[in-house]
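Descriptive analysis of the structure
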Amino acid sequence: MARTSRAERNRRRESALTLVSEGKGFSDVVTAQMAQWGCSRSSAQRDCRWAHNQLQLGMDSHDAQHLMVHMATSLQRIALKAEQDKQYGAAVGAQKMLYELLLRRRLDDEAEKAKKPGWGYRHCNTRR
């Protein structure tokens, strides 16, 4: 038999969703959940993961595009500031993240398509 009722679990999850949607970090939400509800760290982590999944489910394609543009702009700004401060490791890291965010999947797909042979190289079962 479960130690907590389904209603209490739902209230815990809703409070985690509220904290996550306010912009709190994962560990802050876990700590707050443990303090507020007196639950274990693993239960609080489970509630926090549930809240993050709910936020992802509610995101439509327009929100995702807006978030991508925001992240790309922030990464560009970080790279420029880091380079001006002669923090070249941080600048390279920001550029790499920008590449991962925007280009890697498209370029990898194109490279994979280029590896596949065309019609002239396919082996077919034909009668001679």
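Above: the structure in question.
Below is a short write-up of the structure. Only a predicted model underlies this, so the values are computations on that prediction, with no experimental measurement involved.

1. Looking at the environment of D28
Note that D28 resides in helix α2 (residues 26-37). Once the C-alpha coordinates of D28 and C48 are considered, the two residues, 20 residues apart in sequence, prove to be 9.9 Å apart.

2. Section: the layout of surface pockets
For the largest pocket, the calculated volume is near 160 Å³. In terms of lining residues, the largest pocket is bounded by M68, E100, L101, L102, R104, R105 and R106. Breaking the lining of the largest pocket down by element, the ones donating at least two residues are α5 (88-102) and α6 (104-115). By residue class, the composition of the lining of the largest pocket is three nonpolar, no polar and four charged.

3. Observations regarding a nonpolar patch on the surface
Among the surface-exposed residues, M68, Y99, L102, L103 and L107 lie close enough to one another that they form a single nonpolar patch of about 410 Å² accessible area. One can find L107 in helix α6.

4. Some words on the packing of helix α1 (residues 6-21) against α2
One way to put it is that α1 packs onto α2 with a least axis distance of 10 Å and a crossing angle of 140°. Taken as axis vectors, α1 and α2 run oblique relative to one another. Crossing of α1 over α2 shows right-handed handedness. For the pair α1 and α2, the contacting residues are E8, R11, R12, S15, A16, L19 and V20 in the first and V29, A32, Q33, Q36 and W37 in the second. Within the contact of α1 with α2, the residues separate by chemical class into six nonpolar, three polar and three charged.

Basis of the calculations
- Residues numbered from 1 in each chain as written.
- Predicted model: local features only at pLDDT ≥ 70, side-chain atom pairs only at ≥ 80, totals over all residues.
- Heavy atoms only, no water.
- Helix = DSSP H or I, 4+ residues; strand = E, 2+ residues; numbered from the N terminus.
- 1 Å grid on protein atoms, 1.4 Å probe; cavity = no way out; pocket = protein on both sides within 12 Å on 5 of 7 lines; lining within 4 Å.
- Points joined across faces, edges and corners; volume = space filled by probe spheres on them.
- Nonpolar A, V, L, I, M, F, W, Y, C, P; charged D, E, K, R; others polar.
- Patch = residues over 30% accessible without salt bridge, like charges linked within 9 Å, V, L, I, M, F, W, Y side chains within 5 Å.
- Areas by Shrake-Rupley, 256 points an atom, 1.4 Å probe, with all protein chains shown as cover.
- Salt bridge = Lys/Arg side-chain N within 4 Å of Asp/Glu carboxyl O.
- Axes fitted to C-alpha atoms, helices over the stretch in contact; angles between N-to-C directions.
- Parallel < 35°, antiparallel > 145°, perpendicular 65-115°, else oblique.
- Left-handed = near helix turned anticlockwise from the far one by under 90°.
- Contact = heavy atoms within 4.5 Å.

As far as function goes, none of this settles anything; it's purely spatial.
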